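This is what each chain is made of:
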2 protein chains.
Amino acid sequence: MHTITYKPIGIVHSPFKDSKNVPIQTAAAKGTPGTVEVFSEYAEGLTDIEGFSHLILLYDFHLVTDFSLMVKPFLDDKLHGVFATRSPARPNKIGLSIVRLTGLKLNCLTIEDVAILDGTPLIDIKPFVPAFDCKETSEIGWFSDKIHKLQSTKDDGRFCKK
Amino acid sequence: MHTITYKPIGIVHSPFKDSKNVPIQTAAAKGTPGTVEVFSEYAEGLTDIEGFSHLILLYDFHLVTDFSLMVKPFLDDKLHGVFATRSPARPNKIGLSIVRLTGLKLNCLTIEDVAILDGTPLIDIKPFVPAFDCKETSEIGWFSDKIHKLQSTKDDGRFCKK
């Protein structure tokens, strides 16, 4: 199949200048502020976005250089298939975060609950709609024994180039 | 900024051979079966995925050829900024669906709640974890007056090439 080419629509600015110590999910980054700078040529696409309290951001883990099919994720010391983890070192290194929207000024969104490295290229913004995006689920695989470690676990830089 | 290049990791197979009449979200496709064929070179990455009841699929809207910054989404007859909609005709035409996982056989996942066109190139699979992916939110912008139309609204093919 053909390769797929995307062009960044903006940049995420955050307090995290280094991959080390980034919270590993937005749920462990409550209140952490950041900014989404949408390039001016796409700014019109933000029309009506202020009505949403949460946005889905899709972005490129730009400092990740390689992937493995079996990875040891931050929350566990056992290997799992990469598609059963949220590890950034994936065949296609796309990240997904649901952040809180706090404001819009021209082409910049102010956001909270940010667990994204400063300077990350943004690929897409979608409105978060619970009727579409929340599912009732009882089975979360290997996370069920490990998720209690979420708040105390940080990125240790293992997947990024120095 | 540089362009970003991804390589499909598989293909989604579904009952929808044409963009017309595809349900517009998984929530309107309860029980609709499909298959995710992961290319064999990535199959090891599926290890441990059976433990999860729901998966996040990211895929390319491969039949969409163009985008607008202001779009009329399926659920409304007014224009909205594309980033305030889930329209497939986006600057980077990535789709996101949360589907139910019902089985794994070799490199094929059987899934339900499928609202994806047959033959769609798959970019990533992530485990769905409510603690990461569900947010309490009261504000869903223009959707709040329109979401009651979800079950009765289908893709009409407007964003895809014929």
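How each quantity is defined
Residues numbered from 1 in each chain as written. Chains lettered and ligands numbered in written order. Predicted model: local features only at pLDDT ≥ 70, side-chain atom pairs only at ≥ 80, totals over all residues. Pairing = 2+ DSSP bridges. Helix = DSSP H or I, 4+ residues; strand = E, 2+ residues; numbered from the N terminus. Axes fitted to C-alpha atoms, helices over the stretch in contact; angles between N-to-C directions. Least-squares fit on C-alpha atoms with pLDDT ≥ 70 in both. Contact = placed C-beta atoms within 7 Å. Core = buried A, V, L, I, M, F, W, Y, C linked by C-beta atoms within 7 Å. Buried ≥ 20, exposed ≤ 12 C-beta atoms within 10 Å, placed from the backbone. Nonpolar A, V, L, I, M, F, W, Y, C, P; charged D, E, K, R; others polar.

S.K.: Got a sec to walk through the sheet that holds strand 4 (residues 54-60) of chain A? Specific residues and values, please.
M.R.: Residue and element names in this part refer to chain A. Read around the barrel, six strands follow the order 2-3-8-7-4-9 and close on themselves; strand pairing throughout is antiparallel. In this sheet, adjacent strand axes meet at a mean angle of 45° when their direction is disregarded. Sheet topology places strand 3 (residues 33-38) next to strand 8 (residues 108-112); five bridges connect them, and they run antiparallel. The partner of Pro33 across the bridge, within strand 8, is Glu112.

S.K.: For the sheet that holds strand 8 (residues 108-112) of chain B, give the residues involved together with the corresponding values.
M.R.: Sheet architecture is closed into a barrel: six strands sit in the order 2-3-8-7-4-9 (chain B), paired in antiparallel fashion. On average, adjacent strands in this sheet sit at an angle of 45° to one another, irrespective of strand direction.

S.K.: Help me get a handle on the relation of the copies chain A and chain B, residues and values and all.
M.R.: For the pair chain A and chain B, the superposition axis carries a translation of 0.0 Å, the fit reaches an RMSD of 0.0 Å, and the rotation angle comes to 180°. The superposition operator between the copies reduces to a two-fold rotation axis. Across chain A, the smallest distance between a C-alpha and the rotation axis is recorded for A:Thr5, namely 2.3 Å. Most of the interface of chain A is mirrored in chain B, where 100% of its interface residues are also at the interface.

S.K.: Outline the nonpolar core, listing residues and values.
M.R.: Ranked by size, the top nonpolar core spans 86 residues in total, and within it A:Leu57 and B:Leu57 carry the most contacts. Those residues in contact with B:Leu57, other than ones at most four positions away along the chain, are B:Val36, B:Ser97, B:Val99, B:Leu122 and B:Ile125.

S.K.: Lay out the interface of chain A and chain B in plain terms, naming residues and giving numbers.
M.R.: Listed per partner, the contact involves 60 residues of chain A and 61 residues of chain B. Mapped by element, the contributors of at least two residues to the side of chain A that touches chain B are strand 1 (4-6), strand 4, strand 6 (80-81), strand 7 (94-105), strand 9 (120-127) and helix 1 (130-133) of chain A. Counting residues per element, the side of chain A that touches chain B draws most heavily on strand 9 of chain A, which supplies six residues. Looking at the side of chain A that touches chain B residue by residue, the class counts come to 35 nonpolar, 14 polar and eleven charged. Direction of pairing for strand 1 of chain A relative to strand 1 (residues 4-6) of chain B: antiparallel, over a ladder of three bridges. Paired with A:Thr5 across the two strands is B:Thr5, which belongs to strand 1 of chain B.

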